[in-house]
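# Coordinate inspection notes
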Amino acid sequence: MLNASPIFRMSEFPYTTQLQAGLGRINENISIIRLWEEGDTVSSLCEKAESSGEFPKVTGRRLRNIVAEMFAPRFLQPDSTPARNLNRLLNILPQKAIEQVVYLYTARAQEIFHDFVTEVYWRSYEGGRSSIENVEIRNFIENALIEGKMRKHWEESTIKRVSGYLGGCCLDFGLVTRKPPSSYMIKSLYIEKEMALYLAHDLKFAGLSNSAIANHRDWGLWGMSQSDVISQLKSLSIDGHFMVQDGAGITEISWQYEKMEEVFHAVA
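Thresholds applied
Residues numbered from 1 in each chain as written. Predicted model: local features only at pLDDT ≥ 70, side-chain atom pairs only at ≥ 80, totals over all residues. Heavy atoms only, no water. Salt bridge = Lys/Arg side-chain N within 4 Å of Asp/Glu carboxyl O. Helix = DSSP H or I, 4+ residues; strand = E, 2+ residues; numbered from the N terminus. Buried < 20%, exposed > 50% of the residue type's maximum accessible area, 1.4 Å probe, protein only. Axes fitted to C-alpha atoms, helices over the stretch in contact; angles between N-to-C directions. Parallel < 35°, antiparallel > 145°, perpendicular 65-115°, else oblique. Left-handed = near helix turned anticlockwise from the far one by under 90°. Contact = heavy atoms within 4.5 Å. Nonpolar A, V, L, I, M, F, W, Y, C, P; charged D, E, K, R; others polar. Pairing = 2+ DSSP bridges. Core = buried A, V, L, I, M, F, W, Y, C linked by side-chain atoms within 4.5 Å.

## So, the pattern of salt bridges
Throughout the structure, instances matching the rule amount to 15 salt bridges. For E261, the salt bridge is made with R88, and the minimal N-O distance between the two is 3.0 Å. A residue pair is termed long-range when its members are at least 10 positions apart, and E261 in helix α12 (residues 260–267) and R88 in helix α4 (residues 81–89) qualify at 173 residues. For E261, a relative accessible area of 32% puts it in the partly exposed group. Between R138 and E142 there is a salt bridge, with the nearest N and O atoms lying 3.0 Å from each other. A residue pair is termed a helical-turn pair when its members lie 3 or 4 positions apart in one helix, as R138 and E142 do in helix α7 (residues 134–146) at four residues. Accessibility expressed as a relative area gives 25% for R138, which makes it partly exposed. Sharing partners across several salt bridges, the network here consists of E111, D115, E147, K149 and R217.

## With respect to the packing of α4 against α12
The N-to-C vectors of α4 and α12 enclose an angle of 25°; their axes lie 11 Å apart at closest approach. Taken together, α4 and α12 sit at an angle that is classed as roughly parallel. In terms of crossing hand, the pair formed by α4 and α12 is right-handed. On α12, the residues that touch N85, R88 and L89 of α4 are M260, E261, F264 and H265. Taken together, the residues that form the contact of α4 with α12 break down as three nonpolar, two polar and two charged.

## So, the sheet that holds strand β2 (residues 176–179)
Read across the sheet, three strands follow the order β1-β3-β2 without closing on themselves; strand pairing throughout is antiparallel. Each edge of the sheet is formed by a strand with only one pairing partner; in this case those strands are β1 (131–133) and β2. Sheet twist, expressed as the average angle between the axes of neighbouring strands with direction ignored, equals 30°. Helix α6 (residues 111–126) contacts β1, β2 and β3 (183–186) of the sheet and is inclined by roughly 130° relative to β1.

## Observations concerning the pairing of strand β5 (residues 250–255)
In this structure, strand β4 (residues 242–247) lies alongside β5, joined through six bridges in antiparallel fashion. Directly across from M243, in β5, lies its bridge partner S254.

## Examining the nonpolar core
With 88 residues, the main nonpolar core has F113, L166, W219 and W222 as its most contacted residues. Per-element tally for this core: the top contributor is helix α5 (residues 95–109), with eight residues. Every residue in contact with F113, bar those within four places of it in the chain, is listed here: L19, Y103, T106, A107, L166, C169, C170, F173 and L175.

Next up, the structure:
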C-alpha cells in the first residue's frame, strides 16, 4: 500500500467543505497562476485578478472567494512553492501535464478528494467496474463522518452538496463522464511522463527517502501501485534523468538533478 508522508501531514479533521469554493477549475487556476508573482499575498492577488479582465463574468465577491478559498490552499500553502513551480512549468509542459499538476495540488489540499479518488474511484476501476453511483459517493462521506474525519457533523444538505462536489471534481479532471441520472462513467487516467518526473523530484526535494518516494500515496492518484511506480521510474531513467535499482524490497535511486530548476531544464 502506498503510504502518506510526514512531509504532507493530514490534519486531525482532514475533510472539509472547501471544494465548494471551486472544483477542478483548471483554466481559472492557470489564469491566476499567470498573474501570480513572488511576494503576492492573497489580498494583492485578488486585486490583480479583479483588474486583469480575465474573469469578466465573475463577481468581485466570488472572485475573491476563488482566490482565497480555492487557489490559495492549493498553491500558496504552506508556502508558495507550488505556485512558483507551476508558474515555471506553464511554458514548458504540454497541456495534459499541466492539468495533472493542478490535479495533484488540488488533491493534496482537499484530503476528501484525494481519498475518494484512491479509495473509491481507483478501486472501482481496478475491480472492472464501468461506473460509480451517486449513492457510493454519499456512502463514502457518511463512512468518513462515522470515522470522525470532519470537525463537526454534516447535515443532510451538506452531504448532498459535497457528494456533487466530488463527482464534479472528477469530471473536471477527466476521471469520469456524467451518466444521467445518478452515476458517472469511469474513464482511465494515465500519468504523463513529465508529471511523473516532476512528482518524483517534488517528493525528493521535500526530503523523502527513495523508498518513501516509491511508496508515496500521491502516486495513487493515478492508480499506481509500488511496482507501477518503480516501472515508471525505470522508464524515465532511460532518458538519463536518474538511475533506478530495485531488488529484495529495496529501491535505490541515483539522482542527477540537485534542484528543481535543473528538472525544469530537463523537461524543457
